[in-house]
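Structural description and commentary
Now for the letters of each chain:
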Protein chains: 2
Amino acid sequence: MVNFNFKNPTEIFFGKGSVDQLGPALKKYGASNVLFHYGGGSIKTHGIYDQVVKALNGAGISFTELGGVVPNPRLSLIKEGIALCREKKIDFILAVGGGSVIDSAKGIGVGAVYSGDVWDFYTDKASPEATLPVATILTIPAAGSEASFSSVVTNDDGAYKRPLDVPVLYPAFSILDPEYTYTLPPYQTACGICDMFVHVCERYFTQDMENDLTDRLCEATMRAIINNALTVMAKPRDYAARAEIMWCGTIAHNNILSTGRTGDWASHLIEHELSAINDVAHGAGLSIIVPNWMKYVYKHNTQRFVQFAERVFDIKDSSPETAINKGIDALRAFFSSIGLPATLTEIGIGEDSFKGIGEKTKKFDTQKGTVGNFYPLTGSDIEAILKLAK
Amino acid sequence: MVNFNFKNPTEIFFGKGSVDQLGPALKKYGASNVLFHYGGGSIKTHGIYDQVVKALNGAGISFTELGGVVPNPRLSLIKEGIALCREKKIDFILAVGGGSVIDSAKGIGVGAVYSGDVWDFYTDKASPEATLPVATILTIPAAGSEASFSSVVTNDDGAYKRPLDVPVLYPAFSILDPEYTYTLPPYQTACGICDMFVHVCERYFTQDMENDLTDRLCEATMRAIINNALTVMAKPRDYAARAEIMWCGTIAHNNILSTGRTGDWASHLIEHELSAINDVAHGAGLSIIVPNWMKYVYKHNTQRFVQFAERVFDIKDSSPETAINKGIDALRAFFSSIGLPATLTEIGIGEDSFKGIGEKTKKFDTQKGTVGNFYPLTGSDIEAILKLAK
């Protein structure tokens, strides 16, 4: 087991009706003048907006609204939010929505208390040491941002999508009501399921051996995701299954599954550049990349992939190679069963982009010129994976 | 899934050499005048005491020592510690040892900032709202107190052993170095393994159904404990296995495995009264009580016990009754394989005590007059379980 430090201070309020805890929680965490940040307005259609406004008014908390977050949240709106926080003397940010809204709120939070350009944080030029506190009300179980130390932002200028991972980004608290996910479109539900599954994969596929408990916790989470995915697709108002998927999304990314190991994250980094090009949903991009990443790298630790096939999909075979391929096929079949794409062609990304994506992705680590840890990928490795996925 | 709130703010520093982080961490958490609390002196024999003193001196932190914590920590020493904190104007408590030392430190922490009798907190007469911050350096993986909101204390006067569970009891930080557990006597290692396993059982055996992820995380933790237990018994200096057992002990009791369900805790409450009588090690008492509690209650939810047998011990049988009994027998065999007792006779508790233990235990909940949630036990139910265990 690799040495680690772990602390996740985010308070979770989970379950139906948990929005009732919003007012008291905001007061407990010292909010008096809130930026209420959200996306395209679906929270207004589904009544969540009204519940939030009622809770804010009921608690006597003043607020300023900033809607308009888009999937793959943009740096430009974050800069607008930072200016608004300064102008209105905002002391707390409330993000209501999915990972994009939350990630945008986190960007605003660290930018509002920083004198330089917030993009510095996403390009390793500076590291944030403070933030306006952020709380979230989650409406899309997927990114895990409601209890993670991550924020992923797209710079409109150069179409770069970059992650920032630092402890100050853990939200103060998050409200998770599975009923808020009943009206998610099926494709968005499926993309979220893929995203959370891959958050576990990125931690599971490590070269750090002797990390038995974390392995088993990862496998448990993957099985729970698979076990509940078809139910939420078939019965969007099944509370029990929606609750499982929602809590899986948090556990997948709150870093408890990272303890004692180094993760990989190459698939995420490759996918970030796909969606920077054409705004493909993150989960859909991952469903294309991950099985092909697996095909490309499994030879660098076959034992790990045999274990994955056996413990996640109950696949046993006397030939490790066969077991591994059956495991990867089972994963493809799972993604397909919930309606996700399998090829780059399906999402309109052609071979002419492959070299560019490879070059852009590998620049993520300017020092090593590779991405990922299970097997460090060069630009041409990434190109080869994209070819497998075409 | 039952609604829940979850927040565990304890920072974990895990791995060999992590004592190097003690000085910086104490400073980060604002310690300037520390009560250094420990047990019978084994930390002096094994060099841990010297490392702690060096770290405290190196960080320029003044400290006062209070050793002498015994297993089933006593209220009398806690009162002594409270007086010492007031006299010396202590602002931080550092517990170095196992669960007893940590639980004692937690009692001192809440007592030092309370004007009344600290025993009020353990008898539901008052609830602590503040504490002196507590940090821990763990030497015995067992109680999980290093990242739990619990403290269990024995009142010497009436031989009552009572738990207190409140959020202020989460330690500020905990240092976990698996090498510190190399010199644990085998019996103590085994008792710790049983204690952590039962912490999972108490959460796993619930009547709250539809809690798939938490079920699977519990099963993962139980399997990891079983999978590493024999190795640590046979090879006490096996770092990998010691690390697994140590991290299992924390995960078993940091409340992540409680999410979405009501636990039981009857076995713990019964055992507390056993060890209040004759100072039997908590884990040894549990190894006697738990399989017999299972035999007594399984009929109230056979499906849950069938799942336990199958997913934890790979036992399948067309007859649920047979599967369940094989599962319970497998658990007995596991406890026996690491050298733990199976009967009350072995630890010198005779039938004449059974009625008294039953009466005392059920007084824990003065309103309902029963203990436990999976199946609420009356005094005579407890007597019947003790008879099964004799």
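The structure displayed is predicted, hence computed values, not measured ones.

This next bit is on the interface of chain B and chain A. Contact with chain B, which involves 40 residues of that partner, is made by 40 residues of chain A. Across the chain B/chain A interface, buried area totals approximately 3400 Å², and carbon plus sulfur atoms make up 57% of it. Of all residues in chain B, B:Met1, B:Leu213 and B:Trp247 bury the most surface against chain A, accounting for 19% of the area lost on that side. Linking chain B to chain A there are 0 salt bridges. Connecting chain B to chain A are 20 residue pairs in polar contact (both at pLDDT 80 or more). Those elements that place two or more of their residues in the side of chain B that touches chain A are strand S1 (4-14), helix H8 (212-234) and helix H9 (239-251) of chain B. By residue class, the composition of the side of chain B that touches chain A is 19 nonpolar, 13 polar and 8 charged. Across 7 bridges, strand S1 (residues 4-14) of chain A lies against S1(B) in antiparallel orientation. By the bridge assignment for S1(B), A:Asn5 is matched with B:Phe13.

Turning our attention to helix H11 (residues 282-297) of chain B. The first and last C-alpha atoms of H11(B) sit 21 Å apart over 16 residues, in line with the 22 Å expected at 1.5 Å per residue. Of all 16 residues in H11(B), 14 are buried, a share of seventy percent or more.

Both copies of the chain are related by one operation, a rotation about an axis with a shift along it. When chain B is brought onto chain A, the operation consists of a screw motion whose angular component is 180 degrees and whose axial shift is 0.0 Å, with 0.0 Å RMSD remaining. Both chain copies can therefore be described as sitting about a two-fold axis. Distance from the rotation axis, computed per C-alpha, reaches its smallest value in chain B at B:Pro9: 2.3 Å. Most of the interface of chain B is mirrored in chain A: 100% of its interface residues are interface residues there too.

All names here are of chain B. Summarising the element assignment, His272 is placed in helix H10 (residues 266-278). Taking relative accessible area as the criterion, His272 reaches 4% and is therefore assigned buried. Ignoring anything within four residues of it in the chain, the contact list for His272 reads Val152, Lys161, Pro163 and His282.

Reading guide: rules and limits
- Residues numbered from 1 in each chain as written.
- Chains lettered and ligands numbered in written order.
- Predicted model: local features only at pLDDT ≥ 70, side-chain atom pairs only at ≥ 80, totals over all residues.
- Heavy atoms only, no water.
- Contact = heavy atoms within 4.5 Å.
- Buried area = accessible area lost by both parts, 1.4 Å probe.
- Salt bridge = Lys/Arg side-chain N within 4 Å of Asp/Glu carboxyl O.
- Polar contact = N/O pair within 3.5 Å; in protein donor to acceptor, adjacent residues only side chain to side chain.
- Helix = DSSP H or I, 4+ residues; strand = E, 2+ residues; numbered from the N terminus.
- Nonpolar A, V, L, I, M, F, W, Y, C, P; charged D, E, K, R; others polar.
- Pairing = 2+ DSSP bridges.
- Expected span 1.5 Å × (residues − 1).
- Buried < 20%, exposed > 50% of the residue type's maximum accessible area, 1.4 Å probe, protein only.
- Least-squares fit on C-alpha atoms with pLDDT ≥ 70 in both.

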